[in-house]
Amino acid sequence: MAIPVSYNIRNLVVRKTTTVMTALGIAMTVAVLLAVLALSAGLRTAFEASGNPLHVLVLRKGGNAELSSVVSRQSFQIIKAYPGIAKAPDGQPLASLEMVTLVSLTSAEKPNGMTVTLRGTSMTGIGMRKLKLLAGRWFSAGQREIVVGKSVASRYPAAQLGKQLKFGKGYWTIVGVMDGGQSTANSEIFGDINQISSDFNRPDALSSALLEATDEVAVPALISAMKDDRQLTVDPLTERSYYESQTSAGAPIEFLGIFVAIIMAVGSAFAAMNTMYAAVSRRAGEIGTLRVLGFSKGSILVSFFLESVLLALLGGVLGCLIALPLNLITTGIGNFITFSEVAFNFRVTPAIMLAGLLFSAVLGAAGGLFPARQAAKKEILTALREV
Amino acid sequence: MFRYLPLAMKNSIRNRRRSLLTIGSMAVSLCLLGVLFAMYAGLFMHDVTPGSALRMVVRHKVSLAQTMPYAYEARIRQVPGVREISSWNWFQGVYKDQRDPKNFFARFAVEPRAFLTIRTQMDMPQDQRKAFVNERTACVISKDLAERLGIKLGDKITIIGDIYPVTLELNVRGIFDDPDALNTLFFNREYLRDMLSPGRRDQEGTFAVLVASPNDVTPVSNAVDAMFDNSPQPTKTESEQQFALTFVSFVGNIKMFLFSICAAVTFTILLVSGNTMAMSVRERIKEVGVLKTLGYTSEGILSIVLEEAAVISLIGGVVGVGLAELLTLSVRKTFGLYQPQLADMSISLSVGLICLALALVIGLVSSFVPAWNAARTNILDSLRYTG
């Protein structure tokens, strides 16, 4: 017969100081783990949202980033005419020639400036990305006008609607703020391709071409056809795989965080073990009584084991509560592929919280096993005699 | 204060299992703190070597990914205080299989003669220096890299370019020893320039500058940046050390990250240690009554408990610092490859002492409440207490 769980819960309540202190220790461990997982989940969401499975990104052969890639206007004319590219209602192919470079913006957090991606594109490119305007309007062709992503606008005081930024050969007016959903467009600045390429003295050295295939079947065909084309020296790849490779930007912090969480977990398991051993020795009399009442050694073992898991789960829940406010935080991570900053939100998702609870349960199980075994092995008579 | 030390030591080995678990828990947490402190020290308080103090780096003001004209080299050379200058280009490229992190190392294109002057502390035989200067396809590699990849003098190294659209076929002509240049290959920039198109040839990523004395650092920085301030490619000139820090801050707010983790760990140790002392005091309330009857004062009881906590946490601290020393070895091997500042990270004497001091403070602070409770218990109540 099993000992009711309410017995364990009452015991945890009676020794509330010890319970709370042990649980808080576990909570901190779980919170650290959750913070790291939330960081990488947020980063992954930002990159995954940027990659449309129908989009093909064309870079120079061997160039693994838009920043170091060069695509000429002549190549673009060839690329644009490929079969398998979707057409806009007006009959024009959904293909956008783009130029990517960097500008530096300063903020209170980064007084020395942080680099932000500047993208020269066209209305076709904006339409393909399904971007929405939060305020203002889109830039006009041939004008020194730019539209900033919403994270850029919120992180840099200099990048507000109506203000001017100085880069290239002079000043540019911010005429709009765009919302790219979760995508990296939030961390970029968009302007007219022709205006930007002439300002940076690169009228014919553009960075990439973005294409939209008619359907998913056309994507691999389009990619292999362009690879084999002798007139072109390009490396086409799906936009999704391009952005997926950039998630590695968070790898050092992720690695460090998980390493810390595991070490902290060892420490917390020791602490939980300590608490449970104390519980077992304090309740020797009770254990004896339970045995006299007819509960088996097995049920004592299960009961103490469960108590430890419960204690740890309480810590897990507290840990989730500590980590939840992270959802409100936006942070930025630089990456060495785009050489610019990607802003993203921490995302404490239900799946992550579940992982945290599971982690705490494992921790409690590890800490509770030996004390529970000791409790079960106690002889009835000695147990009753212990004070 | 340490009058009761023998008694405190005896007390701490009374419940051996609990003391061991507490020491284990503290040791693991303090080991983590030690590694994080060492990491912080390695990143932000790196000792400046005499050679490094004289070296400066010139880069494009906006970002490392933007280039400056080759002609800057001659103009910077004219600045008073500049002893030597060479362009310093990150080649990147792929050596063998990129997916194996073992094959990751830095590759720079430099002007050999200037390079040998700039690396004042480099240890390399005279004939190897000569070979590097005279042979167009020569390269020199650091000793740690040669050992790791098993490369000997005279071996060939092929690197397929990605940023640069060329393939390098290099001969290893020198193996050098330089604490500031681990895991690095240098090759002759003329070899690269010959293969590039005229437009591409004159774009330089960074310039390395050697100044005559440490007092020249600030004036040279100001003079160089002022010279190019109004050009299309403005520069940022900083000491080698500051330049390395720019890299670290680019990855994200590492300082904040390390700080939050240290705070979480410290808080957890406080809880663990406080909990243990509370448990051990609770078990001994009767004893406290006996001691008081024998004539021990409240202060005496207070210091017995505090000293016991101090003994346990100090032992935990010593074990923790030992563990941290072992752990830094492996961190050095993994992270050091990517972040050169961490390549010689270690638990220095000051980091070790800080950890021990922290352990002591945590032990005393966390046990103060239980100790205070024990000290002020009334004799009669404590003798009557049954646990």
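These figures come from a predicted structure and were not determined experimentally. (Residues numbered from 1 in each chain as written. Chains lettered and ligands numbered in written order. Predicted model: local features only at pLDDT ≥ 70, side-chain atom pairs only at ≥ 80, totals over all residues. Heavy atoms only, no water.)

K.L.:
Even after reading the chapter, I still don't get the overall build of chain B, so can you show me in this structure?
P.N.:
Each helix and strand counted, chain B has 16 helices and 12 strands in total. What you see for chain B is a C-alpha radius of gyration of 29 Å, clearly larger than the 21 Å of a compact globule of 387 residues, by over 25%. The principal-axis extent of the C-alpha atoms belonging to chain B is close to 95 × 45 × 35 Å. Summarising the internal contacts of chain B: among those between residues at least 6 apart in sequence, 80% fall at separations of at least 24. Here chain B has roughly 17500 Å² of accessible surface; of this, 61% comes from carbon and sulfur atoms. Between the mean site of the 40 positive side-chain charges and the mean site of the 34 negative ones, chain B shows a separation of 7 Å. (Helix = DSSP H or I, 4+ residues; strand = E, 2+ residues; numbered from the N terminus. Rg over C-alpha atoms; globule rule 2.2 N^0.38 Å. Contact = heavy atoms within 4.5 Å. Areas by Shrake-Rupley, 256 points an atom, 1.4 Å probe, with all protein chains shown as cover. Lys, Arg positive; Asp, Glu negative; His and termini not counted. Charge placed at Lys NZ, Arg CZ, Asp CG, Glu CD.)

K.L.:
Sorry if this is basic, but what is going on with the overall build of chain A here?
P.N.:
Each helix and strand counted, chain A has 13 helices and 12 strands in total. Taken over C-alpha atoms, the radius of gyration comes to 30 Å for chain A, far larger than the 21 Å a tight globule of 387 residues would show. In terms of overall dimensions, chain A has a C-alpha envelope of 95 × 45 × 35 Å along the principal axes. A buried classification covers 56% of the 387 residues belonging to chain A. Long-range pairs, those at least 24 residues apart, make up 78% of the contacts in chain A with a sequence separation of at least 6. By element, 63% of the accessible surface of chain A is carried by carbon and sulfur atoms, the whole surface being about 16100 Å². For chain A, the centre of its 34 positive side-chain charges and the centre of its 25 negative side-chain charges are spaced 10 Å apart. (Buried < 20%, exposed > 50% of the residue type's maximum accessible area, 1.4 Å probe, protein only.)

K.L.:
Please explain empty space enclosed by the protein as it appears in this structure.
P.N.:
Once rolled over the atoms, a probe with the size of a water molecule shows which space is left empty. All names here are of chain B. Scanning all chains against the criterion turns up 6 cavities of 30 Å³ or more. Every residue along the wall of the second largest cavity is listed here: Ser87, Asn89, Ala109, Tyr164, Arg189, Leu192, Arg193, Leu196, Arg200, Arg201, Gln203 and Glu204. Elements with a contribution of two residues or more to the lining of the second largest cavity: β3 (82–90), α8 (189–195), α9 (198–201) and β10 (203–204). The dominant element in the lining of the second largest cavity, judged by the number of residues it contributes, is α8, at 3 residues. (1 Å grid on protein atoms, 1.4 Å probe; cavity = no way out; pocket = protein on both sides within 12 Å on 5 of 7 lines; lining within 4 Å. Points joined across faces, edges and corners; volume = space filled by probe spheres on them.)

K.L.:
Sorry, what's going on with the packing of aromatic side chains here?
P.N.:
Each pair of aromatic rings is reported with the distance of its centres and the angle of its planes. Residues and elements named next belong to chain B. Under the defined criterion, the tally for this structure stands at 19 aromatic pairs over all chains. Measuring from centroid to centroid gives 5.6 Å for tryptophan 90 and phenylalanine 108, while their planes differ by 65°, and the two rings are edge-to-face. Linking tryptophan 90 in strand β3 with phenylalanine 108 in strand β5 (residues 106–110), this pair joins segments that are 18 residues apart in sequence. With 5.9 Å between their ring centres and 25° between their planes, phenylalanine 108 and phenylalanine 186 make a pair best called stacked. In this pair, phenylalanine 108 is assigned in strand β5 and phenylalanine 186 in strand β9 (residues 184–188), connecting sequence segments 78 residues apart. For the pair shown, phenylalanine 108 and phenylalanine 186 are each scored as buried. (Phe/Tyr/Trp six-rings, centres within 6.5 Å; stacked < 30°, edge-to-face > 60°.)

K.L.:
Is there a simple way to explain the side chain of B:Arg284 in this structure?
P.N.:
Locating B:Arg284 in the fold gives a position in the loop between α12 (254–283) and α13 (285–293). For B:Arg284, the residues in contact, after removing those within four places along its chain, are B:Asn11, B:Arg14 and B:Glu308.

K.L.:
Help me understand the interface of chain A and chain B, please; the structure alone is not making it clear to me.
P.N.:
For an interface, size is often stated in terms of accessible area lost upon the parts coming together. Listed by partner, the interface residues are 52 residues for chain A and 47 residues for chain B. Inspection of the region where chain A meets chain B yields 0 salt bridges. The interface formed by chain A and chain B holds 6 residue pairs in polar contact (both at pLDDT 80 or more) in total. Ranked by the residues each element gives to the side of chain A that touches chain B, the list is headed by helix α9 (residues 251–282) of chain A, at 21 residues. Partitioning the side of chain A that touches chain B into residue classes produces 27 nonpolar, 21 polar and 4 charged. (Salt bridge = Lys/Arg side-chain N within 4 Å of Asp/Glu carboxyl O. Polar contact = N/O pair within 3.5 Å; in protein donor to acceptor, adjacent residues only side chain to side chain. Nonpolar A, V, L, I, M, F, W, Y, C, P; charged D, E, K, R; others polar.)

K.L.:
How should I be thinking about the packing of α9(A) against α12(B) in this particular structure?
P.N.:
Pairs of packed helices are described in terms of their axes, by the angle between the two and the distance that separates them. The contact between α9(A) and α12(B) brings their axes to 11 Å, and the two run at 10°. Judged by the angle between their axes, α9(A) and α12(B) are roughly parallel. Looking at side-chain class alone, the contact of α9(A) with α12(B) contains 14 nonpolar, 8 polar and 3 charged residues. (Axes fitted to C-alpha atoms, helices over the stretch in contact; angles between N-to-C directions. Parallel < 35°, antiparallel > 145°, perpendicular 65-115°, else oblique.)

K.L.:
Would you mind showing me how to read a nonpolar patch on the surface here?
P.N.:
All names here are of chain A. Together, Val5, Ile9, Val13, Val302 and Leu306 line one region of the surface with nonpolar side chains, adding up to about 390 Å² of accessible area. Counting only elements with at least two residues in the nonpolar patch, the list comes to α1 (5–14) and α11 (297–323). Ranked by the residues each element gives to the nonpolar patch, the list is headed by α1, at 3 residues. Residue position: isoleucine 9 is located in helix α1. (Patch = residues over 30% accessible without salt bridge, like charges linked within 9 Å, V, L, I, M, F, W, Y side chains within 5 Å.)

K.L.:
What should I look at first to understand unusual backbone geometry in this one?
P.N.:
A negative phi angle characterises most non-glycine residues, just as the trans form characterises most peptide bonds. All names here are of chain B. With a phi angle near 60°, glutamine 92 is a residue other than glycine that sits in the positive phi range. Along the chain, glutamine 92 falls in the loop between β3 and β4 (94–95). What makes glutamine 92 partly exposed here is its relative accessible area of 23%. Positive phi values are uncommon outside glycine, yet asparagine 183 reaches one of about 55°. Along the chain, the position of asparagine 183 falls in the loop between β8 (167–176) and β9.

K.L.:
What is the right way to read the pattern of salt bridges from this model?
P.N.:
Within this structure, the stated rule accounts for 26 salt bridges over all chains. Here A:Arg283 and A:Glu286 are joined by a salt bridge, their closest N and O atoms 3.7 Å apart. Two residues, B:Arg193 and B:Asp202, come together in a salt bridge whose shortest N-O distance is 3.3 Å. Here B:Arg193 falls in the buried class, since its relative accessible area comes to 13%. Since its relative accessible area comes to 35%, B:Asp202 is described here as partly exposed.

K.L.:
Mind showing me how you'd approach the side chain of A:Asp199 here?
P.N.:
All names here are of chain A. Assignment of secondary structure puts aspartate 199 in helix α6 (residues 193–199). Judged by its relative accessible area of 6%, aspartate 199 falls in the buried class. Engagement of the side chain of aspartate 199 in a polar contact is seen with the side chain of arginine 144, the distance being 2.9 Å. With near-sequence residues (within four places) excluded, aspartate 199 lies in contact with Arg144, Phe167, Gly168, Lys169, Gly170 and Trp172.

K.L.:
Would you mind showing me how to read the environment of A:Leu324 here?
P.N.:
Residue and element names in this part refer to chain A. Note that leucine 324 resides in the loop between α11 and β11 (330–335). The spatial distance from the C-alpha of leucine 324 to the C-alpha of tyrosine 277 is 32 Å, given a sequence separation of 47 residues. The residues touching leucine 324, leaving out its near neighbours within four places in the chain, are Val348 and Met353.

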